[in-house]
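# Descriptive structure summary
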Amino acid sequence: MSSSSSAAAPHSPVVRLEGVTKSFANGTLALDRLTLDVAPGEFLSLLGPSGCGKSTALRIIAGLSHPTSGRVDWPSAGEGAGAHARSIGFVFQEPTLMPWATVFNNVWLPLRLKGRSKASVRDAVMDALERVGLAAFADAYPRELSGGMKMRVSLARALVTRPKLLLMDEPFAALDEITRFKLNNDILKLQAELGWTVVFVTHSVFESVYLSSRIVVMAARPGRVFDEIAVPVPRPRNESFRTSPDYVALCREASDALTRAMQAAGREVA
Amino acid sequence: MAADASAPAAANRTAAPTDASVWRDRVLRVVVPLVILVLFVGVWDWYVRAYGIKPYILPGPFLVAETLVKDWGTLSGALLVTIRITVTALLLALVGGTLLAILLVQSKIVELALFPYAVVLQVTPIVAIAPLILIYVPDTQAAVLLCAFIVTFFPILSNTTQGLKSVDHNLLNLFELYGASRWQTLVFLKIPAAQPYFFAGLKIGGGLALIAAVVAEFAAGSAGAGSGLAFRILESQYRLNIPRLFAGLILLSATGVVIFWLTSLASHLALRRWHESALARET
Ligand SMILES: Nc1ncnc2c1ncn2[C@@H]1O[C@H](COP(=O)(O)OP(=O)(O)O)[C@@H](O)[C@H]1O
Ligand SMILES: [Mg+2]
């Protein structure tokens, strides 16, 4: 493992969690000494049962929540860079769009908050919308869109700032399977085009294997890393990967790990 | 650009319901209330004629209309006074209520300090405070205006405060993530999110402003200097000029309807693109 002193070394992680513990005021130990490196360019999935602290970990990485103890380091971001300089995109489980604003204005928001005028970002916003296939809907309001389309707007909003690190918290959990498959492919395509590093939270074994280069399986009560599975299948991946023996074998492995993680949590409670 | 290729699809998406059904709906909206009105006036007129009711008990509708025209000089002057007080009170309450609401949600201390007193002011019946206000404020018009303002202020304050607080937490997180300032969060997030609540407050406030203007003027009535519609109604009662009383009453109702219509229109125009309350349910 590279030492953290070589801050700008080519393989230093984008973000490193070291012994991150989070306990809430009500006594819940949401995360117990979580240690995790996110390498540049990787697609990391956090897979685990509900309540194992996946969202909490993501919020801590985003700076929306702070660890009770432990450290979050940004070795490649340089000293003293503020949370906003770290260039993070966040996609929530719900599309989280402003209902009173058009699709264009929703995607404009992150840049608008940085003081950029509408005229100066028109190309950037339209480019983001084109990448998610919604350029024709720039003037529509969120209520006029389907669930999948709203999620795409949310994606466009996350990518318009050209983030280095994209955090996604079960973004497709509420969508039907067909839409989810489509969006999975879109995510892979966008990652290839834009060179994102992604941390993706899911409780779907199939989704995590299809998308990830590495899966971290988490267990609950207290939330912790339980197992880690590499998915050394080259990209681009497409529908034929979904039916390959490799895919089936990896799904079985991940599923077994998840089952064991849930049993481990169950034993401790019992 | 890819947008051009799929533009027709986007245009299709907003296709309106057929013109015919829209027109049918509009005509019904006007015709049905009109039919009811004509029926009502007809029965009223028939009753007064058939039973020979004296005009100082219940004047017929045509006598009331005649009075309305004959006394238009006096009545229109009074109407203007009442409208001016109502509208001024509503505008002051809009500005004051909204500003105070913004202040309340910026600081917990300010909210703790001020909100209970706003409630006290609201729950004390205005008729009971009016005599005091009339003593302390020498100018009757100003006193009536103050009463109307106090009554109108609260629904706008409490609705807007509620609205400013009812912001989607995920959106708040998003704003925080992108480093939004307090001011940006207020302008781009909290104020737009509060709009439906604000307009609900406006509709309630509009109606209350008129009611309070009338009540306060009743309370001021004997003080003499009043010349709004409420004063004219009282005066007509003393002089047993019942047709004029009815004429004044009709003007008051009409004013109330117009205020309701205007506030509803403002609400509709502001919310029609996005808020559920302003959308026609598509079937
Ligand atoms: N704000 C909070 N206050 C108290 N407990 C919380 C809070 N947020 C999350 N928790 C608890 O922390 C644990 C982990 O939650 P979370 O990170 O949301 O799990 P996941 O996303 O894996 O379902 C759960 O037991 C949850 O109830
Ligand atoms: Mg979660």
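Keep in mind it's a predicted model, so treat the numbers as computed, not measured. (Residues numbered from 1 in each chain as written. Chains lettered and ligands numbered in written order. Predicted model: local features only at pLDDT ≥ 70, side-chain atom pairs only at ≥ 80, totals over all residues. Heavy atoms only, no water.)

Attention now goes to the site of ligand 1. Residue and element names in this part refer to chain A. Every residue near ligand 1 is listed here: Phe24, Asn26, Thr28, Ala30, Pro49, Ser50, Gly51, Cys52, Gly53, Lys54, Ser55 and Thr56. At 3.2 Å, a backbone N or O of Cys52 approaches an oxygen atom of ligand 1. Here ligand 1, which alone exposes 560 Å², has 61% of that area covered by the protein. Per-element accounting of the shell around ligand 1 gives the leading share, 3 residues, to helix α1 (residues 54-62). In terms of residue class, the shell around ligand 1 is made up of 4 nonpolar, 7 polar and 1 charged. (Near = heavy atom within 4 Å. Polar contact = N/O pair within 3.5 Å; in protein donor to acceptor, adjacent residues only side chain to side chain. Areas by Shrake-Rupley, 256 points an atom, 1.4 Å probe, with all protein chains shown as cover. Helix = DSSP H or I, 4+ residues; strand = E, 2+ residues; numbered from the N terminus. Nonpolar A, V, L, I, M, F, W, Y, C, P; charged D, E, K, R; others polar.)

Turning to helix α3 (residues 118-131) of chain A, a few remarks are in order. Residues and elements named next belong to chain A. For α3, with 14 residues, the first-to-last C-alpha span of 19 Å sits near the 20 Å given by 1.5 Å per residue. Remark: the principal bend of α3, roughly 30°, maps to Ala124. Here α3 has its buried residues at Val121, Val125, Met126, Ala128 and Leu129. The elements touched by buried residues of α3 are α2 (103-112) and α4 (147-159). Residue Gly133 follows α3 closely and has a positive phi angle near 75°. (Expected span 1.5 Å × (residues − 1). Bend = angle between axes of the 7 residues up to and from the residue. Buried < 20%, exposed > 50% of the residue type's maximum accessible area, 1.4 Å probe, protein only. Contact = heavy atoms within 4.5 Å.)

The next point concerns unusual backbone geometry. Residue and element names in this part refer to chain A. Each neighbour pair has its own omega, and for Arg221 with Pro222 the value is -5°, a cis peptide bond. In this structure, Pro222 sits in the loop between β8 (214-219) and β9 (224-230). Here Arg235 and Pro236 are connected by a cis peptide whose omega angle stands at 0°. Examined against the element boundaries, Pro236 turns out to sit in the loop between β9 and α7 (239-242). Look at Arg162: it is not a glycine, yet its phi comes out positive at around 55°. Take Arg162: its relative accessible area is 44%, and that puts it in the partly exposed class.

All names here are of chain B. Looking at the assigned domains, one finds that chain B contains domain 1 (1-52) and domain 2 (59-271). Its C-alpha centre places domain 1 at a distance of 29 Å from the equivalent point of domain 2. In this complex, domain 1 contributes 5 residues to the contact, which on the side of domain 2 involves 6 residues. Scanning the region where domain 1 abuts domain 2 turns up 0 salt bridges. The tally of links from domain 1 across to domain 2 stands at 1 residue pair in polar contact (both at pLDDT 80 or more). Grouping the constituent residues of the side of domain 1 that touches domain 2 by class yields 3 nonpolar, no polar and 2 charged. (Domains from an automatic or database assignment. Salt bridge = Lys/Arg side-chain N within 4 Å of Asp/Glu carboxyl O.)

Residues and elements named next belong to chain A. For Ala101, the location among the structural elements is in the loop between β5 (88-91) and α2. Taking the C-alpha atoms as reference, Ala101 lies 8.8 Å from Ala140; in sequence the two are 39 residues apart. When residues no more than four places from it in sequence are discounted, the contact partners of Ala101 are Asn106, Tyr141 and Pro142.

This paragraph deals with the sheet that holds strand β1 (residues 15-23) of chain A. One key point about sheets: their strands pair by backbone hydrogen bonds, in either a parallel or an antiparallel sense. All names here are of chain A. Read across the open sheet, the 3 strands follow the order β2-β1-β4; overall the sheet is antiparallel. The open sheet terminates on both sides in strands that have one partner only, identified here as β2 (29-38) and β4 (69-73). Sheet twist, expressed as the mean angle between neighbouring strand axes with direction ignored, is 15°. The sheet contact formed by β1 and β4 spans 4 bridges and is antiparallel. When the bridges of β4 are listed, Thr21 appears paired with Ser69. (Pairing = 2+ DSSP bridges. Axes fitted to C-alpha atoms, helices over the stretch in contact; angles between N-to-C directions.)

Next up on the list: the interface of chain B and chain A. For an interface, size is often stated in terms of accessible area lost upon the parts coming together. Taken together, the contacts link 26 residues of chain B with 32 residues of chain A. In total, about 2700 Å² of surface goes out of reach between chain B and chain A, with carbon and sulfur atoms giving 66% of it. Linking chain B with chain A are 0 salt bridges, by the criterion used here. Across the chain B-chain A interface, the total number found is 3 residue pairs in polar contact (both at pLDDT 80 or more). If you list the elements that add at least two residues to the side of chain B that touches chain A, you get α1 (2-5), α2 (7-13), α9 (169-177) and α10 (182-220) of chain B. Its residues assigned to classes, the side of chain B that touches chain A shows 16 nonpolar, 6 polar and 4 charged. (Buried area = accessible area lost by both parts, 1.4 Å probe.)

Once that is clear, we can look at the pairing of β1 of chain A. Here 6 bridges tie β1 of chain A to β2 of chain A, and the two strands are oriented antiparallel to one another. Paired with Val15 of chain A across the bridge in β2 of chain A is Val38 of chain A.

With that settled, the discussion passes to the packing of aromatic side chains. The final tally for this structure, using the stated rule, is 14 aromatic pairs over all chains. Measuring from centroid to centroid gives 5.7 Å for Phe43 of chain A and Phe200 of chain A, while their planes differ by 45°, and the two rings are tilted. Here Phe43 of chain A, found in strand β3 (residues 43-47), pairs with Phe200 of chain A, found in strand β7 (residues 197-202); they are 157 residues apart in sequence, far enough to count as distant. You'll find Phe43 of chain A and Phe200 of chain A in the same group, each marked buried. Between Trp100 of chain A and Trp274 of chain B, the ring centres sit 5.6 Å apart and the planes meet at 70°, which makes this aromatic pair edge-to-face. Taken as a pair, Trp100 of chain A in the loop between β5 and α2 and Trp274 of chain B in the segment after α12 (242-271) lie in two separate chains rather than in one. Both residues of the pair, Trp100 of chain A and Trp274 of chain B, belong to the buried class. In textbook terms, an aromatic cluster arises when at least three aromatic residues are bridged by ring pairs, as seen for Phe43, Phe172 and Phe200 of chain A. Seen from the ring of Trp23 of chain B, Arg26 of chain B lies directly overhead, with NZ or CZ sitting 5.4 Å from the centre. (Phe/Tyr/Trp six-rings, centres within 6.5 Å; stacked < 30°, edge-to-face > 60°. Lys NZ or Arg CZ within 6 Å of the ring centre and 35° of its normal.)

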